Amino acid sequence: MSPQMRLAFADGKAARREEEVQVRCQACGVRFPLPRWYAEQGMRLYFCSDACRAAWEEEQTDEPFRLCLEGRPEYRGGNWTAQAARARERDGYRCRACGVTEEELKRQLDVHHLTPVRMFASASDANVLSNLVSVCRPCHRKLEEEGRARLPLFGRMKHPGQRLEGED
């Protein structure tokens with residue numbers, strides 16, 4: 001029996017065989033069926049079982065396995081958290097634009113990329129301290145607007161799940 005999940009639709013009918021495609025397990029090479037809609041999502045790694053996925057992950061020596069989905073703006077590189085903390089510390093926990101402190105705000109300052117992440121080969125490359133500045137939210141919005149005006153090719157971009165201002 002296949003370890004793959006079987007789909008059922010609202011009317012109770014199982015997915016038809018012709019709606020499946022054959023893919024190859026990244027770990028063991030065995031071919032197995034997947035629903036066509038799932039295979040067409042752009043995934044490049046398929047595993048026939050949890051054991052194969054775990055074995056494949058263990059073989060990855062250069063970098064721990066990380067699922068990175070395109071269009072997910074929240075991924076800022078593996079070194080983001082540490083570099084953002086260093087930037088806040090370097091800036092004395094004070095907005096570099098208006099001078100307000102985290103203590104006054106009662107929240108952590110944002111950390112802004114002076115040159116956008118999308119301009120670098122990788123997100124981690126963008127996180128050098130010289131490219132980071134601590135700012136409060138209002139100043140961060142101003143810097144983002146200035147950046148869009150300076151780099152019009154990269155105007156307002158809508159990422160999946162993001163609502164732009166003025167949208168209902």
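J.: Quick one: what's the story with unusual backbone geometry, residue by residue and with numbers?
T.: Positioned with a positive phi, Tyr93 is a non-glycine residue whose angle comes to about 55°. The residue Tyr93 is located in the loop between α3 (80–90) and α4 (102–105) in this model. A positive phi angle, close to 60°, is found at Lys106, a residue other than glycine. Among the structural elements, Lys106 can be located in the loop between α4 and β3 (110–113).

J.: Summarise the side chain of Glu102; cite the residues concerned and give the values.
T.: Looking at where Glu102 falls in the secondary structure, it is placed in helix α4. Dropping the residues within four chain positions of it, Glu102 is found in contact with Arg88, Tyr93, Arg107, Gln108 and Leu109.

J.: Just give me the short version of α3, but keep the residues and values in it.
T.: Every buried residue of α3 is accounted for by Trp80, Gln83, Ala84, Ala87 and Arg88. Here the buried residues of α3 occupy an arc of 140° about the axis, which is enough to place them on one side. For α3, the exposed residues lying more than 90 degrees away from the buried face are Thr81 and Glu89. Just beyond α3, the residue with positive phi is Gly92, at close to 65°.

J.: Explain the confidence of the model for the protein chain residue by residue, including any values.
T.: Counting all residues, the mean pLDDT for the protein chain is 76, and 68% of those residues have values of 70 or more. Across the protein chain, the element-wise mean pLDDT spans from 77 in helix α1 (residues 36–39) up to 96 in strand β4 (residues 132–135). Per-residue pLDDT stays below 50 along residues 11–15; that stretch engages in six contacts with residues further than four places along the chain or on separate chains. Counted against residues more than four places away or in other chains, residues 154–162, with its pLDDT under 50, gives 17 contacts.

J.: An account of the nonpolar core is needed here, citing residue identities and associated values.
T.: In this structure, Val21, Val23, Cys25, Phe32, Leu34, Ala39, Tyr46, Phe47, Cys48, Cys52 and Trp56 together form the largest nonpolar core, which totals eleven residues. Among the elements of the structure, β1 (20–24), β2 (31–35) and α2 (50–59) are those that each provide at least two residues to this core. Counting seven residues, the second-largest nonpolar core is a separate cluster that includes Cys95, Leu109, Cys136 and Cys139.

J.: Please provide a residue-by-residue account of the state of the cysteines, values included.
T.: Taken as a whole and judged by the stated rule, the model has zero disulfides. Unpaired in terms of disulfides, Cys25 finds its nearest cysteine sulfur in Cys28, a separation of 3.7 Å. Cys25 gets classed as buried once you look at its relative accessible area, which sits at 2%.

J.: Quick one: what's the story with helix α6 (residues 137–150), residue by residue and with numbers?
T.: Over its 14 residues, α6 runs 20 Å from end to end, which matches the ideal 20 Å to within 8%, given 1.5 Å per residue. Among the residues of α6, Cys139, His140 and Gly147 are the ones counted as buried. The buried residues of α6 occupy an angular sector of 100° when the element is viewed end-on, so they sit on one face. Opposite the buried face of α6, by more than 90 degrees, sit the exposed residues Arg141, Lys142 and Ala149. Buried residues along α6 sit against β3 and β4.

J.: Quick rundown of the environment of Asn131? Include the residues and the values.
T.: Mapping Asn131 onto the fold places it in the loop between α5 (123–126) and β4. Residue Asn131 is classed as buried on the basis of its relative accessible area, which comes to 6%. The spacing of Asn131 and His113 is 18 residues in sequence and 5.5 Å in space, taken between C-alpha atoms.

J.: So what about a nonpolar patch on the surface? Which residues, and what values?
T.: Taken together, the side chains of Trp37, Tyr38 and Met43 define a hydrophobic patch exposed on the protein surface, amounting to about 290 Å² of accessible area. On the secondary structure map, Tyr38 appears in helix α1.

J.: Pulling in residues and values, what's your account of the environment of Thr115?
T.: For Thr115, the location among the structural elements is in the loop between β3 and α5. C-alpha of Thr115 to C-alpha of Asn131: the two residues are 16 residues apart in sequence and 6.4 Å apart in space.

Each value, and the rule that gives it
Residues numbered from 1 in each chain as written. Predicted model: local features only at pLDDT ≥ 70, side-chain atom pairs only at ≥ 80, totals over all residues. Heavy atoms only, no water. Helix = DSSP H or I, 4+ residues; strand = E, 2+ residues; numbered from the N terminus. Contact = heavy atoms within 4.5 Å. Buried < 20%, exposed > 50% of the residue type's maximum accessible area, 1.4 Å probe, protein only. Arc of directions from axis to C-beta. pLDDT = per-residue confidence, 0-100. Core = buried A, V, L, I, M, F, W, Y, C linked by side-chain atoms within 4.5 Å. Disulfide = S-S within 2.5 Å. Expected span 1.5 Å × (residues − 1). Patch = residues over 30% accessible without salt bridge, like charges linked within 9 Å, V, L, I, M, F, W, Y side chains within 5 Å. Areas by Shrake-Rupley, 256 points an atom, 1.4 Å probe, with all protein chains shown as cover. Salt bridge = Lys/Arg side-chain N within 4 Å of Asp/Glu carboxyl O.

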